[in-house]
Amino acid sequence: MGIDYTPKQIVSQLDKYVIGQKSAKRAVAVALRNRYRRMQLDDAIKEEIMPKNILMIGPTGVGKTEIARRLAKLVGAPFVKVEATKFTEVGYVGRDVESMVRDLVEMAVRMIKEEKMHEVMDEAQRKANKKLVSLLVPQTKKQAGIKNPFEMFFSNQESDQAENDASDKDEDIKNKRRQVEHKLALGELEDQMITVEIEEVPPSMFDMLQGSGMEHMGMNMQDAFGQFMPSKKKKRRLPVEEARKVLTHQEAQKLVDMEEVAQIAIERAEQAGIIFIDEIDKVVSKGENMANVSREGVQRDILPIVEGSTVVTKHGPVKTDHMLFIAAGAFHIAKPSNLIPELQGRFPIRVELEKLSTEDFRLILTEPSNALIKQYQALLKTEGIDVVFTDEAIDRLAEIAFQVNQDTDNIGARRLHTIMEKLLEDLSFESPEITMEKIEITPNYVDQKLKSIVQNKDLSQFIL
Ligand SMILES: Nc1ncnc2c1ncn2[C@@H]1O[C@H](COP(=O)(O)OP(=O)(O)OP(=O)(O)O)[C@@H](O)[C@H]1O
């Protein structure tokens, strides 16, 4: 799935979402292609080739995460983003570094489960429809006694004789079921209320211990306690239309072999997983005090995972050797050379991301497939309003974003989110009552909504 993209193809796909940042895009494209190249080799040499991890250096909000996340999506690779600062050294309270691998596997399991559920959807739907029929026309007299919508259609057909004569009754039920099936197929029973049983799977001991730094203990405890935590069943009354969705989901879950899912997920995480470690520069020490020593400890703990080790997860052991790690940081104060040497060696590809210019902001607002302006336009269109931005208005917004970033904190393209929200706040509130079909956003409109805030530094720190 996309794994055979050439680097050029990858870059051009990334261009759809991320403006500029050419060298970072090229680096991840090559890393991905190398994976594909490795796959073509025979096992002996394949095992020898380790992925070349990437260090992205650049200020906040310039597209580091976006590039990695889009890349993963493009090729169906499991992806997690973690903050290096959330980890503490082994033995201290906080997340242990291995949790990033467990999170990746969880992500892979969700992904594969979704894929598998999709594959069995037709069969699940057929089964759900069958179940709906038997809920609407229960088999036994006792069940038939439960008030159900079917009675509204067929209760007059029930007779004492049918009660006594088993085969007549069977025939009767068959007929009723056929009729209900027909009505269901025609969509005539969609609003009927029925009672369905919903199974709630309780969290496992392992899940409960996640994040407590005691996950490894959970491995054994899960076995010990698992049997005391049966799944709960809850009854809910729902219209047929909703009940069908619930039943289809339940049937699909039953059809999916979770052991197979776990196995494929582990393989996918091992071979294609991408772990994005943000704020790596914040765990860099200069060795001056205790706090710094503990930061270095985090790097030492991360090292074996990046070098390749086996992490125990509830789905089984996972090897990290061929996962791709992308570490990122602003490196304003610390430098990559302040990382412990072994870790530096594991991130041989260094790419710098550029600060974003006014022109970049203009492009980010308009060009990407998911550009903010397109998103707001789509939202307001649902109220029947066409919001049109003049080129000058977009220029003005880009200038404001740039200026506020300079005057307050530079949060990169994230500034555009707050600015757009403020700009369209009133319109979003009033749009259901507005009768105009087209609203033009002009530089004047932009100034009217934002100028006073931009000019007041204290205010813009809070609002924009
Ligand atoms: N070059 C860009 N092109 C398009 N959108 C961008 C770009 N840079 C940032 N954005 C948008 O800004 C937001 C933040 O970007 P992103 O998460 O990539 O930041 P980052 O560089 O990883 O920063 P941090 O390290 O603080 O997480 C996202 O919504 C992203 O879509």
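Small disclaimer: the values here were computed from a predicted structure and weren't measured.

Peer 1: It is not clear to me how the UniProt feature "domain: Clp ATPase C-terminal" (unreviewed entry) in the chain should be interpreted in this structure. Could you clarify?
Peer 2: Residues annotated by UniProt as "domain: Clp ATPase C-terminal" (unreviewed entry) correspond here to residues 356-452. Annotated as residues 356-452, this span is 65% helix and 8% strand, and its ends, taken at the C-alpha atoms, are 24 Å apart.

Peer 1: Where do I start with the confidence of the model for the chain in this structure?
Peer 2: Across the chain, the average pLDDT comes to 83, with 83% of residues at 70 or higher. Below a pLDDT of 50 lies the segment residues 142-147, which in the model reaches seven contacts outside its immediate sequence neighbourhood of four places, other chains included. For this predicted complex, the interface score ipTM comes out at 0.97, alongside a pTM of 0.80.

Peer 1: I tried to follow the site of the ligand on my own but got confused; where do I start?
Peer 2: Near the ligand, the surroundings consist of 18 residues, among which Ile19, Thr60, Gly61, Val62 and Thr65 are the closest. Here Thr65 contributes a side-chain N or O atom positioned 2.4 Å from an oxygen atom of the ligand. Residue Glu66 places a main-chain N or O atom 3.0 Å away from an oxygen atom belonging to the ligand. Protein burial of the ligand: of its 620 Å² of free accessible surface, 87% is covered by the chains. Taken together, the elements giving at least two residues each to the shell around the ligand come down to α4 (64-75) and α20 (414-430). The element best represented in the shell around the ligand is α4, accounting for three residues. Across the shell around the ligand, the residue classes tally to eight nonpolar, five polar and five charged. Summarising the domain contributions, the shell around the ligand has at least three residues from each of domain 1 (7-110 + 266-352) and domain 3 (358-459).

Peer 1: I tried to follow the packing of aromatic side chains on my own but got confused; where do I start?
Peer 2: What characterises a pair of aromatic rings is the spacing of the ring centres plus the angle enclosed by the ring planes. Following the criterion strictly, the structure yields one aromatic pair and no others. Between Phe79 and Phe276 the ring centres are 6.3 Å apart and the planes differ by 40°, which places this aromatic pair in the tilted class. Highlighted residues: Phe79 in strand β2 (residues 79-83) and Phe276 in strand β5 (residues 274-278), separated in sequence by 197 residues. The exposure classification of Phe79 matches that of Phe276, with both residues buried. Geometry around Tyr17 places Arg70 over its ring, the cationic atom sitting 3.9 Å from the centre.

Peer 1: Sorry, what's going on with the sheet that holds strand β9 (residues 349-352) here?
Peer 2: Each strand in a sheet pairs with another by means of backbone hydrogen bonds, the pair being arranged parallel or else antiparallel. Here we have five strands laid out as an open sheet, ordered β2-β5-β8-β1-β9, and parallel in their pairing. The strands lining the two open edges of the sheet, one partner per strand, are β2 and β9. Geometrically, the sheet is characterised by an average inter-axis angle of 20° between neighbouring strands, direction not taken into account. Of the pairings in the sheet, the one linking β5 to strand β8 (residues 324-329) comprises four bridges and is parallel in character. Counterpart to Phe276 in the pairing with β8 is Ile326. Packing against the sheet, helix α5 (residues 99-119) makes contact with β2, β5 and β8, and its axis sits at approximately 150° to β2.

Peer 1: What am I meant to see in the packing of helix α19 (residues 391-407) against α20 here?
Peer 2: To describe two helices that pack against each other, one gives the angle between their axes and the distance between the axes. Contact geometry of α19 with α20 gives a least axis separation of 10 Å together with a crossing angle of 125°. What the angle tells us is that α19 and α20 run oblique. Read as a crossing pair, α19 and α20 show a hand that is right-handed. Each of Leu397, Ile400, Ala401, Val404 and Asn405 in α19 lies in contact with α20, whose residues at this interface are Arg415, Leu416, Ile419, Met420 and Leu423. Of the residues assigned to the contact of α19 with α20, the class counts are eight nonpolar, one polar and one charged.

So, how was this worked out
- Residues numbered from 1 in each chain as written.
- Predicted model: local features only at pLDDT ≥ 70, side-chain atom pairs only at ≥ 80, totals over all residues.
- Heavy atoms only, no water.
- UniProt positions renumbered as here; feature names shortened; annotations may be inferred.
- Helix = DSSP H or I, 4+ residues; strand = E, 2+ residues; numbered from the N terminus.
- pLDDT = per-residue confidence, 0-100.
- Contact = heavy atoms within 4.5 Å.
- Near = heavy atom within 4 Å.
- Polar contact = N/O pair within 3.5 Å; in protein donor to acceptor, adjacent residues only side chain to side chain.
- Areas by Shrake-Rupley, 256 points an atom, 1.4 Å probe, with all protein chains shown as cover.
- Nonpolar A, V, L, I, M, F, W, Y, C, P; charged D, E, K, R; others polar.
- Domains from an automatic or database assignment.
- Phe/Tyr/Trp six-rings, centres within 6.5 Å; stacked < 30°, edge-to-face > 60°.
- Buried < 20%, exposed > 50% of the residue type's maximum accessible area, 1.4 Å probe, protein only.
- Lys NZ or Arg CZ within 6 Å of the ring centre and 35° of its normal.
- Pairing = 2+ DSSP bridges.
- Axes fitted to C-alpha atoms, helices over the stretch in contact; angles between N-to-C directions.
- Parallel < 35°, antiparallel > 145°, perpendicular 65-115°, else oblique.
- Left-handed = near helix turned anticlockwise from the far one by under 90°.

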